[in-house]
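The lines below spell out each chain.
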Amino acid sequence: MSLRENFDLKLKQLNEKVLELGGLAENAFVKAITAMENKDIERAIQVIDEDSYIDHIEEEINDLAIILIAREAPVAVDLRRIIVAIKIASDLERVADYAVNIAKSVIRIGVADHKVPVDSLLKMSNIAKEMLSLSFKAFIEEDVVLAKKIADTDDEIDKLYGETIKTYLQLSDDTKQDFMQITQLSFIARYIERIGDYATNISEGVFYIVKGVRYELNN
């Protein structure tokens with residue numbers, strides 16, 4: 001096996017670990033939203049309990065990347081690929097943390113019926129989940145066109161977030177006895193919005209790999 005082939009194999013292994021982490025983070029997010037929708041406390045607890053394994057996978061990715069840089073001394077686009085893998089791993093760990101935050105809000109709300117609508121939260125979460133899935137594809141294929149499309153989609157989440165918070169603020173004035181539940185659902189809206197931002201961050205990484213320039217696609 002040539003040096004180039006050996007490097008490509010190790011880089012492929014690194015990317016596979018990133019995708020594994022992405023799948024775990026996305027699954028945690030979906031599970032947390034399902035727990036919210038169904039007022040499923042046990043499922044919410046699972047999200048919290050499984051977070052330590054996600055942290056472990058992020059550490060593995062960092063270790064693999066450091067070893068790859070130290071042994072292979074990559075430059076140019078190869079170095080950017082490794083740097084972006086580290087950054088994406090950090091972003092995905094934060095996605096999982098926000099899933100945990102959602103789960104904690106679900107536990108605080110408890111099994112009481114939702115006194116305010118959660119349809120907008122479900123719509124936001126569906127968009128964020130699709131953004132995450134497509135960001136993994138854009139990363140592996142180094143597809144800047146898809147990456148830009150993902151970043152543009154974030155505007156939809158931002159718009160829904162603004163509308164949702166405005167609605168909840170109005171409802172909190174009208175139904176003061178449900179203030180705690182409205183507060184926790186507002187937190188969940190914010191967590192989903194942040195997950196969309198992290199999907200955009202992954203898209204920015206794709207641009208950095210391909211173009212060698214850092215673009216702030218959230219602006």
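For the chain, an unreviewed UniProt entry supplies the name Phosphate-specific transport system accessory protein PhoU and the organism Schinkia azotoformans MEV2011. UniProt lists a comment for the chain under the heading Subcellular location (unreviewed entry), and it reads "Cytoplasm". Quoted verbatim from the Function (unreviewed entry) field of UniProt, the annotation for the chain is "Plays a role in the regulation of phosphate uptake."

Along its length, the chain carries 7 helices and 0 strands. In the chain, the order of α-helices and β-strands from amino to carboxyl end is α-α-α-α-α-α-α. Against the compact-globule benchmark of 17 Å for 219 residues, the chain has a radius of gyration of 19 Å, which places it among compact chains. The principal-axis extents of the C-alpha atoms in the chain amount to approximately 70 × 35 × 20 Å. In the chain, which comprises 219 residues, the share counted as buried stands at 47%. By element, 54% of the accessible surface of the chain is carried by carbon and sulfur atoms, the whole surface being about 10,800 Å². Averaging the coordinates of the 27 positive side-chain charges in the chain and doing the same for the 40 negative ones gives two points 2 Å apart.

So, on to the UniProt feature "domain: PhoU" (unreviewed entry) in the chain. UniProt records the feature "domain: PhoU" (unreviewed entry) for residues 19-106 and 121-204 in the present numbering. As annotated, residues 19-106 comprises 93% helix and 0% strand, and the C-alpha atoms at either end are separated by 27 Å.

Estimated volume of the largest pocket: approximately 170 Å³. The wall of the largest pocket is formed by Ile-83, Val-84, Lys-87, Asn-201, Glu-204, Gly-205, Tyr-208, Arg-214 and Tyr-215. If you list the elements that add at least two residues to the lining of the largest pocket, you get α4 (76-109) and α7 (179-211). A per-element tally of the lining of the largest pocket places α7 first, with 4 residues. Classifying every residue of the lining of the largest pocket gives 4 nonpolar, 2 polar and 3 charged.

On the secondary structure map, Thr-153 appears in helix α6 (residues 144-174). For Thr-153 and Asn-101, which are 52 residues apart along the polypeptide, the C-alpha to C-alpha distance reads 23 Å. If near-sequence neighbours (up to four positions away) are discounted, Thr-153 is found in contact with Ile-127 and Met-131.

With 22 residues, helix α3 (residues 51-72) ought to run about 32 Å at 1.5 Å a step, and its terminal C-alpha atoms sit 32 Å apart, in line with that. Within α3, burial applies to Asp-51, Ile-54, Ile-57, Glu-58, Ile-61, Ala-65 and Leu-68. Seen along its axis, α3 keeps its buried residues to an arc of 115 degrees; they face one direction. Turned more than 90 degrees from where α3 packs its buried face, Ser-52, Ile-66, Ala-70 and Arg-71 sit exposed.

What follows is about the nonpolar core. Ranked by size, the top nonpolar core spans 70 residues in total, and within it Phe-29, Met-36, Ile-102, Leu-121, Leu-185 and Ile-192 carry the most contacts. Among the secondary structure elements, those contributing two or more residues to this core are α1 (3-38), α2 (41-49), α3, α4, α5 (119-141), α6 and α7. When neighbours within four sequence positions are excluded, Phe-29 is seen to be in contact with Ala-99, Ile-102, Ser-125, Ala-128, Lys-129, Leu-132, Ile-192 and Ile-195.

Moving on: the packing of α1 against α4. Between α1 and α4, the least distance of the axes is 9 Å, while the angle of their chain directions is 15 degrees. Taken together, the axes of α1 and α4 are roughly parallel relative to one another. When you trace α1 past α4, the crossing you get is left-handed. The residue makeup of the contact of α1 with α4, split by class, is 23 nonpolar, 1 polar and 3 charged.

Take α4 next. Along an α-helix, a turn takes 3.6 residues, which lines up residues three or four apart on a common side. For α4, built from 34 residues, the straight-helix expectation of 50 Å at 1.5 Å per residue is met to within 8% by its first-to-last C-alpha distance of 50 Å. Gly-110, located one to two residues past α4, shows a positive phi value of around 80 degrees.

Rules used in this analysis
Residues numbered from 1 in each chain as written. Predicted model: local features only at pLDDT ≥ 70, side-chain atom pairs only at ≥ 80, totals over all residues. Heavy atoms only, no water. UniProt positions renumbered as here; feature names shortened; annotations may be inferred. Helix = DSSP H or I, 4+ residues; strand = E, 2+ residues; numbered from the N terminus. Rg over C-alpha atoms; globule rule 2.2 N^0.38 Å. Buried < 20%, exposed > 50% of the residue type's maximum accessible area, 1.4 Å probe, protein only. Areas by Shrake-Rupley, 256 points an atom, 1.4 Å probe, with all protein chains shown as cover. Lys, Arg positive; Asp, Glu negative; His and termini not counted. Charge placed at Lys NZ, Arg CZ, Asp CG, Glu CD. 1 Å grid on protein atoms, 1.4 Å probe; cavity = no way out; pocket = protein on both sides within 12 Å on 5 of 7 lines; lining within 4 Å. Points joined across faces, edges and corners; volume = space filled by probe spheres on them. Nonpolar A, V, L, I, M, F, W, Y, C, P; charged D, E, K, R; others polar. Contact = heavy atoms within 4.5 Å. Expected span 1.5 Å × (residues − 1). Arc of directions from axis to C-beta. Core = buried A, V, L, I, M, F, W, Y, C linked by side-chain atoms within 4.5 Å. Axes fitted to C-alpha atoms, helices over the stretch in contact; angles between N-to-C directions. Parallel < 35°, antiparallel > 145°, perpendicular 65-115°, else oblique. Left-handed = near helix turned anticlockwise from the far one by under 90°.

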